[in-house]
Amino acid sequence: MSGRLLGQRVIVLGASSGIGLAVAREVLREGAEVLVVSSQISRIEKALEHLGSKAQGCALDLLDERAIERFFATSGAFDHLVYTAGDALQIGALSGIDLPAARSAFDVRYWGALAAAKHGARHIRPGGSITFTTGIAAMRPQSGWVLGASVCGAMEALTRALAVELAPLRVNAVSPGVTATNLWADMAPAQRKQMFDDVGDALLVGRVGSAEDIAAAYLFLMTSGFATGQAYIVDGGALLI
């Protein structure tokens, strides 16, 4: 533990698994208190088993703005808000997109993030930050990624706009490449492994990312007092190939 966040308090929305859980683990190692938040109490309880007694947890419906407002009204002052919540990706050709279903792709990833910033920002102590989650699909979308790229692009624009709107509060985002997390849980295990192998072999670093790789970027953005309005890319070199 280097203590970069010693004495600080961090709220991680979407922390029950994957990148969010890895971020929670890292901020604990840096000396911070952490409150992990997810939609299901059972998932929170499982996360707390991994994080230990220094972490706290709370269930919250990120589709309910009033619930988000109540949560921040009672959570007390804190230093950093991290938003990693997101449901399963909707991948498919444009011709097959159902527009009412497509709108739901923005519900947790964009509207939930916006509501969290709206109601959480006023409780963040001076010198604190908000860190969102986007993805490199905003810059290099693949075929079938119309919705994914759109959400990622919206998050990058939101990050820049809020960095101006909420200054001097710092607002950034982390933009991961392909990362081995439960985001891909809907794929068959053999198909998922093959995809990770194929993508990893093509990357400059020779592998796909881990949740811990990406969590390091959130730590940097929380502790770097001169970074704001940025989408920090952690992609194993994907944008260069």
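Now for a quick tour of the structure. (Residues numbered from 1 in each chain as written. Predicted model: local features only at pLDDT ≥ 70, side-chain atom pairs only at ≥ 80, totals over all residues. Heavy atoms only, no water.)

## Topic: the pattern of salt bridges
As a working rule, side chains carrying opposite charge can pair if their charged atoms are close by.
Okay, step 1: Enumeration over the complete set of coordinates arrives at 10 salt bridges.
Okay, step 2: Where Glu26 meets Arg29, a salt bridge forms, and the shortest distance between an N and an O atom there is 2.7 Å. One end of the pair is Glu26 and the other is Arg29, both in helix H1 (residues 18–29) and three residues apart, which spans about a single turn.
Okay, step 3: On the accessibility criterion, Glu26 (18% relative accessible area) is buried. (Salt bridge = Lys/Arg side-chain N within 4 Å of Asp/Glu carboxyl O. Helix = DSSP H or I, 4+ residues; strand = E, 2+ residues; numbered from the N terminus. Buried < 20%, exposed > 50% of the residue type's maximum accessible area, 1.4 Å probe, protein only.)

## Quick look at the sheet that holds strand E3 (residues 55–59)
Okay, step 1: Sheet architecture is open: seven strands sit in the order E3-E2-E1-E4-E5-E6-E7, paired in parallel fashion. Of all strands in the sheet, those with a lone pairing partner are E3 and strand E7 (231–234), marking the two edges. Within the sheet, the average angular offset between the axes of one strand and its neighbour, ignoring direction, is 20°.
Okay, step 2: Alignment of strand E6 (residues 170–176) against E7, held across four bridges, turns out to be parallel. Residue Ala173 lies in a different strand from E7, and its bridge partner there is Ala231.
Okay, step 3: Relative to the sheet, H1 contacts strand E1 (9–13), strand E2 (33–38), E3, strand E4 (78–83) and E6, its axis offset from that of E2 by approximately 165°. (Pairing = 2+ DSSP bridges. Axes fitted to C-alpha atoms, helices over the stretch in contact; angles between N-to-C directions. Contact = heavy atoms within 4.5 Å.)

## A look at unusual backbone geometry
Peptide bonds are trans in most cases, and residues, glycine excluded, mostly fall at negative phi.
Okay, step 1: Here the residue pair Ala167 and Pro168 is connected by a cis peptide bond, since its omega of 10° sits within 30 degrees of zero.
Okay, step 2: By the element assignment, Pro168 lies in the loop between helix H6 (146–165) and E6.

## Regarding the packing of aromatic side chains
Okay, step 1: Per the stated rule, a full pass over the model turns up five aromatic pairs.
Okay, step 2: The interplanar angle of 75° and the centroid separation of 4.9 Å between the aromatic rings of Phe71 and Phe72 together place this pair among those described as edge-to-face.
Okay, step 3: For Phe71, a relative accessible area of 7% puts it in the buried group.
Okay, step 4: Ring geometry for Phe72 against Phe78: centres 5.9 Å apart, planes inclined by 25°, an arrangement best described as stacked. (Phe/Tyr/Trp six-rings, centres within 6.5 Å; stacked < 30°, edge-to-face > 60°.)

## Considerations on helix H3 (residues 65–75)
Okay, step 1: If you check which residues of H3 are buried, you get Ala67, Ile68, Phe71, Phe72 and Ser75. Along the axis of H3, the buried residues cluster in a sector spanning 130°; they form a single face. What points out from H3, more than 90 degrees from its buried face, is the exposed set Arg70, Ala73 and Thr74.
Okay, step 2: Buried residues along H3 sit against E1, E2, E3, E4 and helix H5 (107–120). (Arc of directions from axis to C-beta.)

## Let's talk about the environment of Val164
Okay, step 1: Mapped onto the secondary structure, Val164 falls in helix H6.
Okay, step 2: With 64 residues separating them in the primary sequence, Val164 and Thr228 have C-alpha atoms 8.9 Å apart.

## Looking at the pairing of E6
Okay, step 1: Of all seven residues that make up E6, seven are buried, and the element is covered over most of its length.
Okay, step 2: The alternating pattern of E6 places Arg170, Asn172, Val174 and Pro176 and Val171, Ala173 and Ser175 on opposite faces, both of which are buried.
Okay, step 3: Pairing of strand E5 (residues 124–133) with E6 involves five bridges; the strand directions are parallel. The residue bridging Thr131 from the neighbouring strand is Asn172, located in E6.

## Regarding the nonpolar core
One recurring pattern in soluble globular proteins: nonpolar side chains tend to sit buried together.
Okay, step 1: The biggest cluster of nonpolar side chains holds 31 residues, and the ones touching the most others in it are Ile11, Leu13, Phe72, Leu81, Tyr83, Ile130 and Phe132.
Okay, step 2: Looking at this core, the elements with two or more residues in it are E1, E2, H3, E4, H5, E5, H6 and E6.
Okay, step 3: Tallying contributions element by element places H5 first for this core, with six residues.
Okay, step 4: Beyond its immediate sequence surroundings of up to four residues, Phe72 is in contact with Ile11, Leu13, Phe78, Leu81, Ala116, His119, Gly120 and His123. (Core = buried A, V, L, I, M, F, W, Y, C linked by side-chain atoms within 4.5 Å.)

## Things to note about H1
Okay, step 1: Taking 1.5 Å per residue, 12 residues should reach 16 Å; H1 reaches 17 Å between its end C-alpha atoms and fits that length.
Okay, step 2: Considered for burial, the residues of H1 that qualify are Ile19, Gly20, Leu21, Ala22, Val23, Ala24, Glu26, Val27 and Leu28.
Okay, step 3: A positive phi of about 95° marks Gly31, the residue just after H1. (Expected span 1.5 Å × (residues − 1).)

## Quick notes on the environment of Ala113
Okay, step 1: Structurally, Ala113 can be placed in helix H5.
Okay, step 2: Given a relative accessible area of 0%, Ala113 falls into the buried group.
Okay, step 3: In this structure, the C-alpha to C-alpha distance between Ala113 and Val82, residues 31 residues apart in sequence, is 9.5 Å.
Okay, step 4: For Ala113, the contacting residues outside a window of four places in its chain are Tyr83, Val108, Phe132 and Met155.

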